[in-house]
Amino acid sequence: MRVVGASDQVLQFDNMSGRATKGTTEWEHYSVVLDVPPESASMNYGVFVNGGGQMWVSGLKIEPVSNEVVNTNKTQQSLPAGPRNIEFSTE
């Protein structure tokens, strides 16, 4: 899923890379959570199968969620500047 601005700039993006479904599985619930800022012009979503096989989709919903739900946006995720909590403390 991707949220695009008026100048075709990608504002939010999540292709579930790193948490993709692989192999044969039972029905599972998957979520993509992106902010849709006021300057958004379009929202694009879809599914794809890499390699052979088939995908079944049921109950697809696009709905607002509260701010407590974690955003899965890949365009803003980054690694920390350096190691953190290397002492494994609970603080």
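Up top is the structure these notes are about.
Residues numbered from 1 in each chain as written. Predicted model: local features only at pLDDT ≥ 70, side-chain atom pairs only at ≥ 80, totals over all residues. Heavy atoms only, no water.

1. Structural notes on the pairing of strand β1 (residues 2-5)
Phase 1 of the analysis: One ladder, built from three bridges, connects β1 with strand β2 (residues 10-13); its direction is antiparallel. Bridge pairing links V3 to Q12 in β2.
Phase 2 of the analysis: Between β1 and β2, which follow one another and run antiparallel, lie four residues, and D8 among them has a positive phi close to 65°.
Phase 3 of the analysis: Examined bridge by bridge, β1 and strand β3 (residues 40-44) share four bridges and lie antiparallel to one another. (Pairing = 2+ DSSP bridges. Helix = DSSP H or I, 4+ residues; strand = E, 2+ residues; numbered from the N terminus.)

2. Overview of the environment of F48
Phase 1 of the analysis: Among the secondary structure elements, F48 is positioned in the segment after β3.
Phase 2 of the analysis: Classification of F48 as exposed rests on a relative accessible area of 60%. (Buried < 20%, exposed > 50% of the residue type's maximum accessible area, 1.4 Å probe, protein only.)

3. Observations regarding the sheet that holds β1
Phase 1 of the analysis: Strand order in the open sheet made by the three strands is β2-β1-β3, with antiparallel pairing throughout. Edge positions in the open sheet fall to β2 and β3, since each of these has one partner strand only. On average, adjacent strands in this sheet sit at an angle of 15° to one another, irrespective of strand direction. (Axes fitted to C-alpha atoms, helices over the stretch in contact; angles between N-to-C directions.)

4. A word on the pattern of salt bridges
Note that side chains of opposite charge can pair when their charged atoms are close.
Phase 1 of the analysis: On inspection of all chains with the given rule, the structure shows one salt bridge.
Phase 2 of the analysis: In this structure, R19 and D14 form a salt bridge, with 2.6 Å as the shortest nitrogen-oxygen distance.
Phase 3 of the analysis: Looking at R19, the relative accessible area reads 30%, which means it is partly exposed.
Phase 4 of the analysis: Its relative accessible area of 1% is what places D14 among the buried residues. (Salt bridge = Lys/Arg side-chain N within 4 Å of Asp/Glu carboxyl O.)

5. Quick notes on the environment of N50
Phase 1 of the analysis: Within the secondary structure, N50 is located in the segment after β3.
Phase 2 of the analysis: Taking C-alpha positions, N50 is 9.3 Å from K22, a pair spaced 28 residues apart along the chain.

6. Considering the environment of D14
Phase 1 of the analysis: Tracing the chain through its elements places D14 in the loop between β2 and β3.
Phase 2 of the analysis: Filtering out sequence-adjacent residues up to four positions away, D14 remains in contact with M1, R19, V32, L34, T72 and K74.
Phase 3 of the analysis: Side chain to side chain, D14 and R19 meet in a polar contact 2.6 Å long. (Contact = heavy atoms within 4.5 Å. Polar contact = N/O pair within 3.5 Å; in protein donor to acceptor, adjacent residues only side chain to side chain.)

Read these as spatial facts, not as claims about activity.
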